[in-house]
Structure formats: structure tokens, C-alpha cells
Amino acid sequence: MDQNNSGKCNMSSAHGWLILAFVPLAVILVSFVLGGWSWGLMDDFGMLKQPGNWWERFTGFCQAWMASGYIRPTLALHSAVFYKVFASSPAAFYIFRWAECVLALGVWAFLAFRVTRSHFAAPLFVFAVLSFCQIYDAFFYLSTHEILGVLFFGFALLFFLNAFEQRLDNGGTIRWGAMAAGIFFLLLTVGSKEPFLATMGAVGASSIIVSLLDRKKGVLVFGVACLLVAAAYAVFLNNFFSRSEYTSVYVVTNFSAIGQNVLLWAQKDLLYHAPWILLAVVLMVFQKGAVSRPWTRARLWVFLTGALAYAGYLLVLLPWAVWGYYVLPFGFFFAFVLAVLLAERVEALPLPSFAVLAAGSFVFVLVVSATVLKFHSTYQYDTANLMKWMATNALFEHELESGAVVRGNAIEPCNAIVSQVNALYGKGYKDFIFTPTVGAILGDAKTRYYLWGRNWGDQDLSRLGIMWTPMFVSEHWVLFRRMI
């Protein structure tokens, strides 16, 4: 395509589109700098409480998590170091996490450009990934670890591409140094969280597929080794590794949960993919012959790896959950596959059509990011006000010191809110008791307060009747007190 032709997209179009993609990211960064963000309500205080230097903290995390059924050395090292570094400055940790997320976006965007050689691949990837709302959990939940796996998998694919490109395309030699680096980052990926074993399986399966097309230009042994190691690790985790009460819920033959999650995936995840799938269908149908550069075998290998990583990760999550922060990798894998598939077709669009695509994707991402930012910022604000109320309300303090019990429908905040109140305000409150249903609290005379989080379930609050009165009310929290 002649990039200087009037009425056609050119390199400046791609660069301008990419700059637009960073507008919501800049807004998030400004909110972290100015917003006074504090620790979250998941695992932050558990990470902060771990004693010792970084090595003692690392081994402590590993031992505790292995006892609960987890093997996450990458996460353990990351938590041991950075929860220590930022222990006195949560706002700085949010800024650091923002940098980690942007680095992950940059690695995958560069990988999309590297394999397609199209300047439109990077902005297409960034817009597609930022339109998936669960991506933003990585920015706002410091203790989530999916972003680490995605980041290291991106580096792994970059090194593998450098290692295998000449071999796949020309039957040349493998660059063993790059291959070793790729294996290192792939191990870091799998060590971030157990479901990332799907990425190793994807690398193995795609390597086998392209090798079968021409064994003289393949990496068959490498692919078989990756697939066998991934399968062995999956069998070990499922059958031989100890489980906690929490992890024992994961059962690969729980077909009822799998069926429900397939439906949920179609209703939630697929809904965010749908506009981009529609774009792909339109471009593939109406732009026949528009792509001038033939696909290399290396590009096919990377494309297959991304697609198989999505499919494999989905299969691993189906018995567990397919929404929430768990599904962040879906956004990356889908966006990458889309960018590799469509970059040249977007590049071939007439300028008016491209302008419509750029404006539409920008509005889409802006709406999604603004909605998510509003939710998390108000959640932080409401939680801070709730904790201040708990620390300064004389009646609440007196009743808790007298043995009153507080129950709540939010599993992690039941512990985290108390930890933060005690740490920030010097209190000695006991942990709240997680109680998912309203009916379970009515028969306990010692339960004086019930903390209800609007985002943590659909309980029938009418059962509380006139016996319970709201003492603290906000968009995200209601604290009820038993009056009789």
C-alpha cells in the first residue's frame, strides 16, 4: 500500500490512533497520583503482615500457599519484594502497578507489530484489550497476579519468536540463547498462577502443528516437550497436590459448573469480544485480496499460540469461574489474535472508514474505562468512609469491645476492613465473620451488626425486617445494627 496516497491510511494514522489509546491509561495514572488510594480489600493486608526480609517472606508465602494447594513462586517473589518496598506507601504501589500493566500492554503490542510488521497492529491490540473491562482489575487490585503471567508470557513469545523465526521460515538454525530465555520466561509465566499451564500447552501444540507442515522447518521436539510437561503438571496439580477447602471446589468433572460457566462466558466475556468479532467478519468478507503480504510460518505459529492460549485458559477456568479478575488473560489473548489477524486489513482501509473505526473504538474504550474507574474510585472512597465511621463511632466501638459480633456478606473484606481499621486507627477489633446469607445471622443473638456489600451477592434484605436499622449507608456498603 502506498502510504502517501491521499485518502488512504498512513503511518501517522496508526500513531495517532495509538496515542488515543493511552488517554484512558493517563486518566488512571492521574487518579492514582491525586486520589490518595489505599490498600485493597482482598489479600493486601495478608501480604503486608508476612514478617522477615524478602527471602523469608518469599519462603513463607511459598510454604503457606503450598499448604493451601497453590504453587506460585513467581507471585511469591513479587509479593515478598514489592509489598515490602511499598509497605508505607500504597499510593506508590498503585503507580508501580500501573507501570507493570502498561509494560505488559507494550510487550504484547510490540509482539503484534513484530510479527505483522504493520504499524496498525499495536493500536488495534491496545484498543481491543482496553475494551475488555476485566483488564482494569489488574490496575486496581494490587494482589491479583494474572497480569504477571500475561507479562512474562509476552516476553516468552518474543524470545521464542527470535529463536525460531529463521528455523520456521527458512529452515535455518535455532538461536539457543533466545530459546533459553524464552523457556525461562515461560516458567515464570506458569509460576505466576496454575491456570497459566495452558500457555505452555499452547506453545507446545502450536509448535507441533507448524512442524507437521514441514518437519525440516519445524520445532517438533520442543513442541512435544512443552506439551508433555504441561500435561504432566496438570495431572500433578489435579491428582497429587494437596488441596485446601477453597481449592477442593475445583473439580474437572463438575459438568454442572462447566455448563453454567459456558453460558456465563457467552453472556459476559463474549459480549465484550463481540464488536471486534463483528469487525473481523466485515473486513474478512468485504476485503478479499486486501492483504498484500503473505503470512510467514512464524506468524502462523504466533497466531496459533495466541488462539490456543485463549482456548486452553478457558478450558482450565470452566470448572472454576469465567468472570472477574480471573479472566484478564482472555482480554490479552483475544486482542493479540485479533491484531495479528486484522492489522493489514485495517491498514488497507480508506481514510474515512479508518476514522470511523478509530473514533468508535476510542469511544468504546473511553466508556468502559470511565465506568470501571468510577466504580473503583467510589469503592475506595466509600470503604475509607466506612472504616473511619467504624473507628470513630463510640457505640460501635463500645459494643464490639463488649463482645458484639459483626457479620458480612463479603468474604475478603470481612477480614481486610478490620485489619485496616486496626492498623490505621489503633483499634483491636476482632475479624468480622463471613456469612453469605441473611438467614444465617437472624438466629445468633450475639450478632449485633451486619455489613452488606452491594457487589457481593443478592441477599434478601427484607428478612431483616424492622429489627435491623442501617447505621452507615453508601453506594457500596450498608452497615445494619440489630436494634432489639
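Residues numbered from 1 in each chain as written. Predicted model: local features only at pLDDT ≥ 70, side-chain atom pairs only at ≥ 80, totals over all residues. Heavy atoms only, no water.

J.: Could you give an account of the overall build of the protein, with specific residues and numbers?
T.: Each helix and strand counted, the protein has 20 helices and 5 strands in total. Taking 23 Å as the expected radius of gyration for a compact globule of 484 residues, we find that the protein reaches 25 Å, a close match to that expectation. Overall size of the protein, expressed as C-alpha extent along the three principal axes, is 80 × 55 × 45 Å. A separation of at least 24 residues holds for 76% of the contacts in the protein among residues at least 6 apart in sequence. Of the roughly 21,000 Å² that the protein leaves accessible, carbon and sulfur atoms contribute 67%. Charge centroids of the protein, computed over 32 positive and 25 negative side chains, lie 5 Å from each other. (Helix = DSSP H or I, 4+ residues; strand = E, 2+ residues; numbered from the N terminus. Rg over C-alpha atoms; globule rule 2.2 N^0.38 Å. Contact = heavy atoms within 4.5 Å. Areas by Shrake-Rupley, 256 points an atom, 1.4 Å probe, with all protein chains shown as cover. Lys, Arg positive; Asp, Glu negative; His and termini not counted. Charge placed at Lys NZ, Arg CZ, Asp CG, Glu CD.)

J.: How would you explain the sheet that holds strand S1 (residues 405–408) if you had to name every residue and give the values?
T.: Taken together, 5 strands build an open sheet; the order of strands is S2-S1-S3-S5-S4 and the sheet is mixed. Strands with a single pairing partner mark the edges of an open sheet, and in this sheet they are strand S2 (433–434) and strand S4 (468–473). Each of S1, strand S3 (447–453), S4 and strand S5 (477–482) is contacted by helix H18 (residues 394–401), which is oriented at about 120° to S3, the strand it contacts most. (Pairing = 2+ DSSP bridges. Axes fitted to C-alpha atoms, helices over the stretch in contact; angles between N-to-C directions.)

J.: With reference to specific residues and values, describe the pattern of salt bridges.
T.: Within the structure shown, the criterion is met by 9 salt bridges. Here Glu 165 ties to Arg 114 by a salt bridge, and the two come within 2.7 Å at their closest N and O atoms. Residue Glu 165 is found in helix H9 (residues 146–170), and its partner Arg 114 is found in helix H6 (residues 90–116); the two are separated by 51 residues along the sequence. Under the relative-accessibility criterion, Arg 114 is labelled buried at 11%. In this structure, Glu 397 and Lys 427 form a salt bridge, with 3.0 Å as the shortest nitrogen-oxygen distance. Pair noted here: Glu 397 is in helix H18 and Lys 427 is in the loop between helix H19 (413–425) and S2, with a separation of 30 residues, a long-range link. (Salt bridge = Lys/Arg side-chain N within 4 Å of Asp/Glu carboxyl O. Buried < 20%, exposed > 50% of the residue type's maximum accessible area, 1.4 Å probe, protein only.)

J.: Hey, could you go over the pairing of S1 for me, with residue numbers and the actual values?
T.: Going residue by residue along S1, you find Val 405 and Arg 407 tucked away on one face and Val 406 and Gly 408 tucked away on the opposite face as well. Across 2 bridges, S1 lies against S2 in parallel orientation. Residue pairing for S2: Gly 408 is matched across the bridge by Phe 434. Assessed by its sense of winding, the connection that carries the chain from S1 through H19 to S2 is right-handed. (Right-handed = clockwise from strand over helix to strand, strands pointing away.)

J.: Give me the packing of H9 against helix H16 (residues 328–347): which residues, what numbers.
T.: In the contact formed by H9 and H16, the axes pass within 9 Å of each other and the chain directions differ by 25°. Taken together, H9 and H16 sit at an angle that is classed as roughly parallel. Residue-level contacts link Glu 146, Ile 147, Val 150 and Phe 153 of H9 to Leu 328, Pro 329, Phe 332 and Phe 333 of H16. Its residues assigned to classes, the contact of H9 with H16 shows 7 nonpolar, no polar and 1 charged. (Parallel < 35°, antiparallel > 145°, perpendicular 65-115°, else oblique. Nonpolar A, V, L, I, M, F, W, Y, C, P; charged D, E, K, R; others polar.)

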